[in-house]
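# Geometric and topological summary
Single-letter residue listing:
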Amino acid sequence: MSGPTTPTVIDSPAWLEVKAHFKRLQATDLRNLFAADEDRGTTFALQAVDLFADYSKHLMDADALGALLKLAEVAELRGQIDAMFAGERINVTEDRSVLHVALRMPRDATLVVDGVNVVSDVHVVLDQMATFSTRVRNGDWKGATGKAIRTVINIGIGGSDLGPAMAYDALAAYRQEGLSCRFVSNVDGADLWGAVAGLDPAETLFVISSKTFTTVETLTNARSARTWLVDALGTDAVPHHFVAVSTNTDKVAQFGIDTANMFRFWDWVGGRYSYDSAIGLSLMIAVGPDHFRSMLEGFHAMDEHFRTAPFAHNLPVILALLGVWYGDFFGTQTHAVLPYSHELGKFAAYLQQLEMESNGKSIDRNGVGVTAQTGPVVWGTPGTNGQHAYYQLIHQGTVLIPSDFIGFARPNHPLDVHHNLLMANFLAQTEALAFGKTAEEVRNEGVPEHLVAHKTFAGNHPSTTIMAPQLTPHVLGQLVALYEHKVFTQGAIWNINSFDQWGVELGKVLATRINAELTSTDAPSNSGGDGRAAHDSSTTALINRYRSMR
Ligand code: F6P
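Residues numbered from 1 in each chain as written. Predicted model: local features only at pLDDT ≥ 70, side-chain atom pairs only at ≥ 80, totals over all residues. Heavy atoms only, no water.

### Some remarks on the packing of helix H1 (residues 13-25) against helix H4 (residues 62-74)
Taken N-terminus to C-terminus, the directions of H1 and H4 make an angle of 160°; their axes are 9 Å apart at the nearest point. The orientation of H1 with respect to H4, classified from their angle, is roughly antiparallel. For the pair H1 and H4, the crossing hand works out as left-handed. Contact residues: H1 offers Ala-14, Trp-15, Glu-17, Val-18, His-21, Arg-24 and Leu-25, while H4 offers Asp-63, Ala-64, Ala-67, Leu-68, Lys-70, Leu-71 and Val-74. Along the lines of polarity and charge, the residues of the contact of H1 with H4 split into nine nonpolar, one polar and four charged. (Axes fitted to C-alpha atoms, helices over the stretch in contact; angles between N-to-C directions. Helix = DSSP H or I, 4+ residues; strand = E, 2+ residues; numbered from the N terminus. Parallel < 35°, antiparallel > 145°, perpendicular 65-115°, else oblique. Left-handed = near helix turned anticlockwise from the far one by under 90°. Contact = heavy atoms within 4.5 Å. Nonpolar A, V, L, I, M, F, W, Y, C, P; charged D, E, K, R; others polar.)

Following this line, the structure appears as structure tokens:
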């Protein structure tokens, strides 16, 4: 990372202080840390609403944590939080407020931005969603032939897909029987083609979700879905089978969706922070307005924790600081999120956009190069499946991978035998990662000398354990808000704008140009028309090869 620097947290004495603690602790051993403090397992733990977090299995001590907490002070995190909650235009490159927290404020709350109480606007839309969802759920909303809706297909991508798709799986136990949702995002026709396979158009409702209503993947899928429906039922059927979720009324109307059937949100909701807005319409249809509202209450409870708890007892802040500790000082580049919950199968994919689109930045808020490492690669799949795939590398590989383990005391199913086994693995893995098995212990088991090194576990692999009573809508809201605010805190420390995403633009522009070249009947050429080559020699050759293979 090059470019001039600007006085930030990274240049502060507090940063150097953390560095000194890193030097002191870089060769530390979790066995020693636990031996030195018999209360460590309960000291480094906190409760945030229903989420209990144990962060004792980290390569740090109270002094290092104290130094990390100073980073939050230097970043003036408190002021930054207040600015977000007050609706200040903290998304500086797009000159927008960042107010996903308003999406879950209670009906009687007030938050005035530019003369408008945004909370009352939020509840108008929530009520509209609730009325519509209830009609679909109880069969009052009819398709063109008078049949009730049995399948809802959400068409959207990124933040207009990942959140509802993740939460639809997470809240499987709360869905209405006989009504299912499918999620189409990829412009690969296999996605839409597979989603409509076997469906009766007369019983299918499409929710076209796009903040901008200009996203090419979503509009391409929406047009093809419209053709599929019109081929079966005629043009007059469209209003019965298409609704939209967007901020862009004109584009929705241009597409041909009745704006009476449009559910709006606002430019102060970032796409990746939007599934608790109208973008969650498909989810609300699936789980019902009451469960959706309970989820919003969970979000709000975590918002309040983040807004009010002292930083030393503030879970999003602690998780954020641990991320900074490993990324910026230990040099780790990835972070694993490992839910021991099958229903959270899409949680890491959801977090990938939340974290990586928000904090995958190398230019700071002043427009100069960041001199620290910013957001890590976030990845993970549910335990126990990961254990039989990639945990080998976490245990015995050469890279350090901090991880979050997420588990629940009570399952949403009656198979208790399974749940205890699942949770036994959940607990066993963090123990094994942290404490490993020494060569001496391996020898004492009678293992032949030539296998001792292979069977030794170095341990010292850090993890946070997050436990909640049950994966309910309320708890899901808390979990998502936890990560949202962790991202916010890290953005504050790195002095980056976590709310823009300019890095996705170049690929979109080039794809539009190349699409024209792929579908053109002109002879392939490498002229950009302005004397410059349209593409590099590799891309040109690949385009020509694709065209000749078609
Ligand atoms: O290309 C990235 C992105 O802009 C995301 O930030 C966003 O969630 C996604 O595209 C979809 O955008 P839209 O909801 O406007 O279709």
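### A look at the sheet that holds strand S9 (residues 262-264)
If you walk across this open sheet you meet the five strands as S6-S5-S7-S8-S9, and the pairing is parallel. In the strand order of this sheet, the two ends are held by strand S6 (180-184) and S9, each with one partner. When strand polarity is set aside, the average angle formed by the axes of neighbouring strands in this sheet is 20°. Here five bridges tie strand S5 (residues 151-155) to strand S7 (residues 204-209), and the two strands are oriented parallel to one another. Across the sheet, Thr-151 pairs through a bridge with Thr-204, a residue of S7. Those strands touched by helix H8 (residues 189-196) are S5, S6 and S7, and its axis lies near 165° from that of S6. (Pairing = 2+ DSSP bridges.)

### Topic: unusual backbone geometry
A cis amide bond links Gly-383 with the next residue in sequence, Thr-384, at an omega value of 5°. Mapped onto the elements, Thr-384 comes out in the loop between strand S11 (377-379) and helix H16 (391-396). Even without glycine at this site, Asp-95 takes up a positive phi of about 50°. Asp-95 sits in the partly exposed class, given a relative accessible area of 48%. (Buried < 20%, exposed > 50% of the residue type's maximum accessible area, 1.4 Å probe, protein only.)

### Looking at the site of the ligand
Ser-160, Ser-210, Lys-211, Thr-212 and Thr-215 are the nearest of the 14 residues found near the ligand. Between the ligand and Ser-210 there is a distance of 2.6 Å, counted from an oxygen atom to a side-chain nitrogen or oxygen. Each residue belonging to the shell around the ligand can be placed in one class, and the counts come to two nonpolar, nine polar and three charged. (Near = heavy atom within 4 Å. Polar contact = N/O pair within 3.5 Å; in protein donor to acceptor, adjacent residues only side chain to side chain.)

### Regarding the packing of aromatic side chains
Applying the stated criterion across every chain yields a total of 28 aromatic pairs. With 6.0 Å between their ring centres and 80° between their planes, Phe-306 and Phe-488 make a pair best called edge-to-face. Of this pair, Phe-306 sits in helix H13 (residues 289-308) while Phe-488 sits in helix H20 (residues 473-494), and the two are 182 residues apart along the sequence. One exposure class covers both Phe-306 and Phe-488, and it is buried. Here Tyr-390 and Tyr-391 contribute two aromatic rings whose centre-to-centre distance is 5.6 Å and whose plane-to-plane angle is 45°, an arrangement assigned as tilted. Ring-pair connections join several aromatic residues into one group, and the members of that group are Trp-15, Phe-22, Trp-325, Tyr-326, Phe-329 and Phe-330. Lying across the ring of Phe-44, Arg-40 places its NZ or CZ 4.6 Å from the centre. Here the basic side chain of Arg-307 rests over the ring of Phe-85, its NZ or CZ set 6.0 Å away from the ring centre. (Phe/Tyr/Trp six-rings, centres within 6.5 Å; stacked < 30°, edge-to-face > 60°. Lys NZ or Arg CZ within 6 Å of the ring centre and 35° of its normal.)

### Observations concerning the pairing of strand S1 (residues 45-48)
As judged from the four bridges shared by S1 and strand S2 (residues 51-54), these two strands associate in the antiparallel manner. Directly across from Gln-47, in S2, lies its bridge partner Phe-52.

### Regarding the nonpolar core
In this structure, Leu-205, Tyr-275, Trp-325, Phe-347, Leu-476, Leu-479 and Tyr-483 are the most contacted members of the largest nonpolar core, which totals 129 residues. In terms of residue count, H20 provides more of this core than any other element does, 12 residues in total. When sequence neighbours within four positions are dropped, the list of residues in contact with Tyr-275 reads Gly-163, Pro-164, Met-166, Ala-167, Gly-280, Leu-283, Phe-292, Met-295, Phe-299, Tyr-350, Leu-476 and Val-480. (Core = buried A, V, L, I, M, F, W, Y, C linked by side-chain atoms within 4.5 Å.)

### With respect to the sheet that holds strand S10 (residues 334-339)
Overall, mixed pairing links the six strands, which are arranged S1-S2-S13-S12-S10-S11 in an open sheet. Of all the strands in the sheet, the pair left with one neighbour each is S1 and S11. Each strand axis lies, on average, 20° off the axis of its neighbour in the sheet, ignoring direction. As judged from the seven bridges shared by strand S12 (residues 403-410) and strand S13 (residues 463-470), these two strands associate in the parallel manner. Its bridge partner being in S13, Phe-408 is matched across the sheet by Ala-468. Its contacts with the sheet place helix H15 (residues 347-359) against S10, S11 and S12, and it is angled at close to 165° to S11.

### Structural notes on H13
End to end, H13 covers 28 Å across 20 residues, agreeing with the expected 28 Å (1.5 Å per residue, within 8%). All of the buried residues along H13 are Pro-289, Phe-292, Met-295, Leu-296, Gly-298, Phe-299, Met-302, Asp-303, His-305 and Phe-306. (Expected span 1.5 Å × (residues − 1).)

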